[in-house]
Structures are given as C-alpha cells and as structure tokens.
Amino acid sequence: MGKIAYVFPGQGSQSVGMGKDMYDSAPETRRMFDQADSVLGFPLTRLIFEGPEGDLKQTANTQPALLTTSVALYEAFASKGFKPDYMAGHSLGEYSALTAAGAISFEDAVATVRARGEFMEQAVPGGQGAMAAVLGGEREALAGLCADITSGGNVVELANINCPGQIVVSGSKEGVSQVVERVKEIGAKRAIPLEVSGPFHSSLMTSAAERLSEKLADVTIRDASVPVVANVTARPAQSAGEIPELLIRQVYSPVLWEDSVSWLIAQGVDTFIEFGPGSVLTGLIRKIDKSVRTFNVSSLESVEQTAEALRDTV
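Source: prediction; values computed, not measured.

Enquirer: Outline the overall build of the protein, listing residues and values.
Expert: Helix and strand counts for the protein stand at 14 helices and ten strands. Relative to a compact globule of 314 residues, whose C-alpha radius of gyration would be 20 Å, the protein shows 19 Å and is just as compact. Within the protein, buried positions represent 54% of all 314 residues. The contacts in the protein between residues at least 6 apart in sequence include a share of 74% that link residues at least 24 apart. Carbon and sulfur atoms form 47% of the exposed surface of the protein, whose accessible area is close to 12500 Å². Averaging the positions of the 26 positive and the 38 negative side-chain charges in the protein gives two centres separated by 3 Å.

The structure is reproduced here in structure tokens:
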C-alpha cells in the first residue's frame, strides 16, 4: 500500500446539519462542538445544525463551523488507529489540517479562524470585491489576462489553482467582471461569478493579513506531528517556526491546490481521505489524477466505512 494523505476542505463545503450525527452519537466529538461554543461565546453548534443557511454562509461563521466539523470527523477516524503520511487543507482547511496535526490547539484554532473570517470580511467594503471560477483555461494565459486587466487599474489575480481546467480569480468587482467578459480570448470555456463576501486570496486582502499576523502572535504554535503541505508553497511545513508566516501569506496569495496534490502523488501518496462535509476536494483530486483512491469522511457512518475499506487493503 502506498502513502496516505488526509485533506480538509475550505469555505463552500459547509451545509446546515453537518456533524449532527456525531454530536448525537459520539460523546468524544460532542465535546468539541461544546468547546467551540464556549470559546466563541455564542451557540455556533445551533447555527451549524439548524441554520439559517444565510448566517452559516457568513465567512466569520463558516470558518469556525467547518473547522469544528472537520476536526471532529478527523478525531472520530483517528480513534480507528490509522495514521497519515501527510496532511493538507484548502484555504481555511489548512487550519483544520494543522489542528489535526497538533500544531495548533483546537481552542486556539477556532478563535483564530473566527477572527480570520472577520478580518477577511472587513478588508474590502461590501460589493467592491469579487471572485469567479474560470473553466477550461490555461494557468499562464489566465495569469497574463489578469495582469493586463490589473495594469489598466482594476486589480484581478489568480486565487485558487484547483485542478486542470478550474482556476478561481479574485480582485476588484470591475477587474473580475472584465475577466468574465474576456475569458474566451484565452481559450477558456466560461467564467462563473462566485457568491463570496470578498476578494479572498488576492492582494486586496493585505490588511486582513496584517491583522491576522497580530492575532497569530498570541497563539502557541507547535511542530506538526506530520508534514502539512502549505497552500502558498505546495511543499510540506512541519516546524513551528515556519507555520505562522505561511498562514499570513496564505490570506493574500493563491491556493496552489493542484500543485500540492501533484507533489503529494509524486511522494507516493495513492490514497486521499477528505474530512468534512461534501466532496469538493475528492472531486478536484480525481481531476488531477484518476488513478488515486479517494474517500470522504463526512459522517459517523463514513468513518466506519472508510476504516473498513482501509483495513481490507492493508
């Protein structure tokens, strides 16, 4: 059997009701939801389980909600005795990965991503920033188009390099709008505007990164128990000294997801397990390399099913 990587999703994977089966049936994970409520000082758990969806979608709520659910799913699976060779997370998911790897305590992670969400929402006034998913375009050609539009005074940059043929751009409302209008010039099929509250992973997030830097200065960071592949470098980070700077840069830098997965596969990873609601990352991973095995751990039932499937192949 090859190597295993655990991966954790970012914003957009959330859904009302996620994790409720664990809360109802697994006391060890219930404590994590209760702990999140205590740390944040409001009933995050009720929002996760009951909604409304509009409130759960707000960045400052989504981030701690997803982290809590993803880490709870990881903890339920970790009790089965399996250990990964690497971990990685998409944007917010990098915090879930670092928490699972013991680099950040759960309490600190919940408080940090809540603040990160607030900083990101406040960095650009509402309605002035945007993001769009470009389908079918080449990375270099799209980067060139973004540079051309940005040089005209409307900032737009590559934000998420997700998989071949799917790249998200981020920037000013006008800059993103021009990409949507001109995307066929570079041979892309189309661009779809995304429902987001800001231009994440673009240089317009610099003020959020500065505030996050101050927040992280008060957080105890430890060495990770396994290498965590960082979004901004697509290479592993494990020492406490390098992790904060990578998290700060991540706010205004592109998420190199395709590069990260390709690097993991080159190291011999042939099994990816996604911890969190939905299957966004496993879908992207399959588009990067169809030959690898992927599993979704999104419920207590899937914890058991995935553990059983891994035991059968060991």
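So that's the structure; there's more coming.
Enquirer: With reference to specific residues and values, describe the pattern of salt bridges.
Expert: Per the counting criterion, the structure on display carries eight salt bridges. The salt bridge partner of E308 is R311, with a shortest N-O separation of 3.5 Å. With a gap of three residues between them, E308 and R311 both fall in helix α14 (residues 300-313), about one helical turn apart. Look at E308 and you get partly exposed, because its relative accessible area is 44%. Judged by its relative accessible area of 41%, R311 falls in the partly exposed class. Each of the salt bridges in this network shares a partner with another, and the network as a whole consists of D148, R182 and E185.

Enquirer: Please set out the side chain of S299 residue by residue, giving values where relevant.
Expert: Counting through the fold element by element, S299 comes out in the loop between β10 (293-297) and α14. A relative accessible area of 18% places S299 in the buried class. Setting aside residues up to four positions removed in sequence, S299 forms contacts with D21 and L73.

Enquirer: Give a detailed account of the nonpolar core, specifying residues and quantitative values.
Expert: With 68 residues, the main nonpolar core has Y6, F77, M87, I104, I273 and F275 as its most contacted residues. Here the element with the most residues in this core is helix α5 (residues 59-78); it accounts for nine residues. Leave out the neighbours within four places in its chain, and M87 touches Y6, F8, Y74, A97, A100, A101, V226, P227, V228 and V229. A132, C146, V183 and L256 belong to the second-largest nonpolar core, a separate cluster that totals 19 residues.

Enquirer: Explain the sheet that holds strand β4 (residues 156-163) residue by residue, including any values.
Expert: An order of β4-β5-β3-β6 is seen for the four strands of this open sheet, with the pairing classed as antiparallel. Because the sheet does not close on itself, it has two edges, and the strands there are β4 and β6 (190-193). Here the average twist between neighbouring strands, direction ignored, is 25°. Pairing geometry for strand β3 (residues 129-135) and strand β5 (residues 166-172), over seven bridges, is antiparallel. If you follow G129 over to β5, its bridge partner there is S172. Of the strands in this sheet, β3, β4, β5 and β6 touch helix α9 (residues 173-182), which is tilted by about 145° from β5.

Enquirer: Outline the packing of aromatic side chains, listing residues and values.
Expert: Applying the stated criterion across every chain, the model contains twelve aromatic pairs. When the ring of Y23 is compared with that of F33, the centres are 5.9 Å apart and the planes differ by 85°; the resulting orientation is edge-to-face. A residue pair is termed long-range when its members are at least 10 positions apart, and Y23 in helix α1 (residues 20-25) and F33 in helix α2 (residues 27-40) qualify at ten residues. According to the relative accessible area criterion, Y23 is partly exposed, its value standing at 22%. When the centroid spacing of 5.5 Å and the interplanar angle of 85° are considered together, the rings of Y86 and W263 count as edge-to-face. Here W263 lies in helix α12 (residues 257-266) and Y86 lies in strand β2 (residues 86-89), a separation of 177 residues in the sequence. Judged by its relative accessible area of 15%, W263 falls in the buried class. Each residue in the set Y6, F8, Y74, F77, F82 and F275 is aromatic and connected to the rest through ring pairs, giving one cluster. The residue whose ring lies beneath R30 is Y23, and the NZ or CZ to ring-centre distance is 5.6 Å.

Enquirer: Please provide a residue-by-residue account of the side chain of Q14, values included.
Expert: Note that Q14 resides in the loop between β1 (3-8) and α1. With relative accessibility at 16%, the residue Q14 sits in the buried group. A polar contact of 2.7 Å, which involves the side chain of Q14, links it to the backbone nitrogen of G12. Once residues lying within four places of it in the same chain are set aside, the contact partners of Q14 are L56, K57, T62, L66 and P277.

Enquirer: Pulling in residues and values, what's your account of the packing of helix α10 (residues 206-216) against helix α11 (residues 243-252)?
Expert: It is the contact of α10 with α11, at a shortest axis distance of 8 Å, that shows an interaxial angle of 160°. Regarding the angle of α10 to α11, the classification is roughly antiparallel. Both α10 and α11 take part in a crossing whose hand is right-handed. Residues T206, A208, A209, L212, S213 and L216 of α10 lie in contact with α11, whose contacting residues are P244, L247, I248, V251 and Y252. Considering only residue class, the contact of α10 with α11 consists of nine nonpolar, two polar and no charged.

Quick notes on the rules
- Residues numbered from 1 in each chain as written.
- Predicted model: local features only at pLDDT ≥ 70, side-chain atom pairs only at ≥ 80, totals over all residues.
- Heavy atoms only, no water.
- Helix = DSSP H or I, 4+ residues; strand = E, 2+ residues; numbered from the N terminus.
- Rg over C-alpha atoms; globule rule 2.2 N^0.38 Å.
- Buried < 20%, exposed > 50% of the residue type's maximum accessible area, 1.4 Å probe, protein only.
- Contact = heavy atoms within 4.5 Å.
- Areas by Shrake-Rupley, 256 points an atom, 1.4 Å probe, with all protein chains shown as cover.
- Lys, Arg positive; Asp, Glu negative; His and termini not counted.
- Charge placed at Lys NZ, Arg CZ, Asp CG, Glu CD.
- Salt bridge = Lys/Arg side-chain N within 4 Å of Asp/Glu carboxyl O.
- Core = buried A, V, L, I, M, F, W, Y, C linked by side-chain atoms within 4.5 Å.
- Pairing = 2+ DSSP bridges.
- Axes fitted to C-alpha atoms, helices over the stretch in contact; angles between N-to-C directions.
- Phe/Tyr/Trp six-rings, centres within 6.5 Å; stacked < 30°, edge-to-face > 60°.
- Lys NZ or Arg CZ within 6 Å of the ring centre and 35° of its normal.
- Polar contact = N/O pair within 3.5 Å; in protein donor to acceptor, adjacent residues only side chain to side chain.
- Parallel < 35°, antiparallel > 145°, perpendicular 65-115°, else oblique.
- Left-handed = near helix turned anticlockwise from the far one by under 90°.
- Nonpolar A, V, L, I, M, F, W, Y, C, P; charged D, E, K, R; others polar.

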